[in-house]
There are 2 protein chains.
Amino acid sequence: MADNKKRRRKDPAGDELPFKNKLKPDSAIMETLKQFSASSSSSSASVSQTLTLQDLSLPFRCREVADLSLSSVQSNIESLILRIAHSILSGHGFSFDVPSRSAANQLYVPELDRIVLKDKSSLRPFANISTVRKSAITARILQLIHQLCLKGIHVTKRDLFYTDVKLFQDQIQSDAVLDDVSCMLGCTRSSLNVVAAEKGVVVGRLIFSDNGDMIDCTKMGMGGKAIPPNIDRVGDMQSDALFILLVEKDAAYMRLAEDRFYNRFPCIIVTAKGQPDVSTRLFLRKMKIELKLPVLALVDSDPYGLKILSVYGCGSKNMSYDSANLTTPDIKWLGVRPSDLDKYKIPEQCRLPMTEQDIKTGKDLLEEDFVKKNPGWVEELTLMVKTKQKAEIQALSTFGFQYLSEVYLPLKLQQKDWL
Amino acid sequence: MADNKKRRRKDPAGDELPFKNKLKPDSAIMETLKQFSASSSSSSASVSQTLTLQDLSLPFRCREVADLSLSSVQSNIESLILRIAHSILSGHGFSFDVPSRSAANQLYVPELDRIVLKDKSSLRPFANISTVRKSAITARILQLIHQLCLKGIHVTKRDLFYTDVKLFQDQIQSDAVLDDVSCMLGCTRSSLNVVAAEKGVVVGRLIFSDNGDMIDCTKMGMGGKAIPPNIDRVGDMQSDALFILLVEKDAAYMRLAEDRFYNRFPCIIVTAKGQPDVSTRLFLRKMKIELKLPVLALVDSDPYGLKILSVYGCGSKNMSYDSANLTTPDIKWLGVRPSDLDKYKIPEQCRLPMTEQDIKTGKDLLEEDFVKKNPGWVEELTLMVKTKQKAEIQALSTFGFQYLSEVYLPLKLQQKDWL
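Residues numbered from 1 in each chain as written. Chains lettered and ligands numbered in written order. Predicted model: local features only at pLDDT ≥ 70, side-chain atom pairs only at ≥ 80, totals over all residues. Heavy atoms only, no water.

An unreviewed UniProt entry lists chain A under the name DNA topoisomerase 6 subunit A, with Glycine max as the source organism. A UniProt comment under Catalytic activity (unreviewed entry) is attached to chain A, and it reads "ATP-dependent breakage, passage and rejoining of double-stranded DNA." (UniProt positions renumbered as here; feature names shortened; annotations may be inferred.)

Caption draft 1: Fine view of the interface of chain A and chain B. Counting residues at the interface gives 67 residues for chain A and 66 residues for chain B. Carbon and sulfur atoms make up 52% of the area that chain A and chain B hide from each other, which totals about 5,600 Å². At the surface where chain A touches chain B, the tally comes to six salt bridges. A salt bridge links Arg158(A) to Glu392(B); the shortest N-O distance between them is 2.1 Å. At the boundary of chain A with chain B, the tally comes to 30 residue pairs in polar contact (both at pLDDT 80 or more). (Contact = heavy atoms within 4.5 Å. Buried area = accessible area lost by both parts, 1.4 Å probe. Salt bridge = Lys/Arg side-chain N within 4 Å of Asp/Glu carboxyl O. Polar contact = N/O pair within 3.5 Å; in protein donor to acceptor, adjacent residues only side chain to side chain.)

Caption draft 2: View of the pairing of strand 13 (residues 243-247) of chain B. Residue and element names in this part refer to chain B. Of all five residues making up strand 13, five are buried, and the element is well covered by its neighbours. Along strand 13, one buried face is formed by Phe-243, Leu-245 and Val-247 and the opposite face, lined by Ile-244 and Leu-246, is buried too. As paired elements, strand 13 and strand 15 (residues 295-298) share four bridges and run parallel to each other. Directly across from Leu-245, in strand 15, lies its bridge partner Leu-296. (Buried < 20%, exposed > 50% of the residue type's maximum accessible area, 1.4 Å probe, protein only. Helix = DSSP H or I, 4+ residues; strand = E, 2+ residues; numbered from the N terminus. Pairing = 2+ DSSP bridges.)

Caption draft 3: Looking closely at the relation of the copies chain A and chain B. For these two chains of identical sequence, chain A goes onto chain B by a turn of 180° and a shift of 0.0 Å along the axis, with RMSD 0.0 Å. The two molecules are tied by a two-fold rotation axis, judged by turn and shift. Of the interface residues in chain A, 99% have counterparts in chain B that sit at the interface too, so the contact is made through matching surfaces. (Least-squares fit on C-alpha atoms with pLDDT ≥ 70 in both.)

Caption draft 4: Expanded view of the domain arrangement of chain A. Residue and element names in this part refer to chain A. Domain boundaries assigned for chain A yield domain 1 (19-50 + 197-414) and domain 2 (62-195). On the side of domain 2, 23 residues touch domain 1, which itself brings 26 residues to the contact. Between domain 1 and domain 2 the total buried area reaches about 2,000 Å² when both faces are included, carbon and sulfur atoms providing 52% of it. Of all residues in domain 1, the largest losses of buried area upon contact with domain 2 belong to Ser-320, Tyr-321 and Asn-325, amounting jointly to 30% of the total for that side. Applying the counting rule to domain 1 against domain 2 returns four residue pairs in polar contact (both at pLDDT 80 or more). Contributions of two or more residues to the side of domain 1 that touches domain 2 are made by helix 10 (278-291), helix 11 (303-314), helix 12 (323-326) and helix 15 (369-372). Of the residues forming the side of domain 1 that touches domain 2, the biggest block, three residues, is contributed by helix 12. Tallied by class, the residues present in the side of domain 1 that touches domain 2 amount to 10 nonpolar, nine polar and seven charged. (Domains from an automatic or database assignment. Nonpolar A, V, L, I, M, F, W, Y, C, P; charged D, E, K, R; others polar.)

Caption draft 5: Seen up close, the sheet that holds strand 3 (residues 106-109) of chain A. All names here are of chain A. The strand order across the open sheet built from three strands is 1-4-3, with neighbouring strands paired in antiparallel fashion. Two strands lie at the open edges of the sheet, namely strand 1 (62-63) and strand 3, each paired on one side alone. Direction of pairing for strand 1 relative to strand 4 (residues 114-118): antiparallel, over a ladder of two bridges. Opposite Arg-63, over in strand 4, you have Leu-117 as the bridge partner.

Shown next, in the form of structure tokens:
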């Protein structure tokens, strides 16, 4: 039945799958994982969790937002509007002081391993023809958020846009001002009760509460639990897992969920099915912090795989003001790494040539600080750009559908083969 | 706080929201729903479930597939290969007899209310330069499916492609042959254990088993339960719901899930977050059949909303061979319908002008049999094309974020306002 595959391999040993004979018993791999998990838990407690912007003596001030309670958001809005009323009454009209979110105001801080926003801001006066529309939109968004606080409900950006299409004209405008308002009030976007569409799923050794319901993710069948859009209603996380496995793609997630990989090696498996969305990023961070577990990433061997890893790890430029709340420090690059292609003898026809755009993206990544600070990553990425080859996680299926869960991942874990 | 909104409305009544004063108590609406649910349950038992192709004396034969057990699929493959071996041994070489899936071989059958495949087929000989590659791919896919049967696991189309990139060259080729193989073996694609990526979510008054785990969808918080990719591991459905609410978009789904709409009016809320995927279609059909509940659809008021409704209802042309298993008969168009825009006084600025493409799609739909057989739909669609206006479900947010769950849907249910 599998003779096609055998013919393709050079390995003369009678063993069924390449490298399967290198695998130690699961108990030995478990020992490795327990040590890793313990060391990660102590290091994350001492470093990642406590080091904040305040601890660093940076030569400039930075702007960061925090998770605020609904009542704090409400009173922040009310104080802001009071100041504006005073300003109007004293004959000075009014303007909003809006933090700049432009690239020039962003900075990667190696000590924190994430992108932060510096504290430049600009005035948005009402009595100025170039800013009157934007300041009117700002006032309207503040009013709508105030309504959400009073009602205690969550809405999407799209809902927000539709409450006043005449004023906003285009969702891009209301979305941009929403981020401005987050910065102005010093709170995260989720504190504003404006949530993103849900996309991620989670399965494995995790129990948590979603809006008051207790969810046991070992009992979610193959489909898994949809990650809730509102992180503030998530709590009571409990787990006996030794690590979190962050998976880029749906197909690999399904393979691991069906094989109940989390029962062989206790772990929590999570995916955003492609580009990381805010809900999945918040959920991953919450798991990492509350459970003190190491995070291993399984992504495609292409520049976008590493980019996705970096968004989870150091944040996206677009939301740098909120990087402290959205990022999960110290994610390890487990695979599929460019060096794996030869190491695991992925056949030539399962590798894909990189396009010009891919190569450019790869070279750009090599210039990024968050890549540079990890010599292992630089080496891998350099190899990728040199060989001009990429591969999907799915390429491992060439050795059989279950090669990923039965050989590749166990061997990676056994050899502590992450960077 | 909501004075902006009041100013915008013409309604001079002191009531807070338009049409809220028309709402009867929930108990009255519940009575309406109970009658509807009971009548739908008896009609679906007598009509939709029993009427099959065999009951109709059509002037031509049709090809349909069925859900087969893994062992039946396995033995079907084995018999097919045996016949081929006989053919080769008797000196005739071999060819596959492959059903045609082209548009010319498809037909909408009004009695069944779905698209079916006629029984034209063509030979795919191995010893012919124009078909040798395709027949090799067919043999390889049959072999891979046979492997899946033996192992009892599920894979994605992408996994399948990667097992032999050299032969398949392009996923389009392995995907197309996979559909051919379904038709040839007379079974659904899910019977082949090849599944689509999961996308849909479900929440509300439903309990079911996913891969052996019992899932209570009233206890899935706001995130809901991800719909499993493999319907054959779903079973034991129980519900006290009166209807199924099929929602096109994620944002509307979230609103209803957070407001726990299913506790006010017992229902099951399901969405595929846009285009219907195979898993969600299978899941909806299974709910409809096992629970005998009516299905009400909430989609955008644009041609694509109606098209999405039609894919759930009568199937897509691409998979017409499997329409019997993928379609859910008798879905009612609850809203947002073109006539609702004026009826609910949706402000002009929340309506969008239809593009040329939208209008063309709308006119094309008017020519489709599944629209024509429902005079109410023709009327609504004609109105849409005439006014050249469309609107998203989210447009209802203009009257407040919870207008959808607090006024619009309850009133629709109270007035039995579906088509």
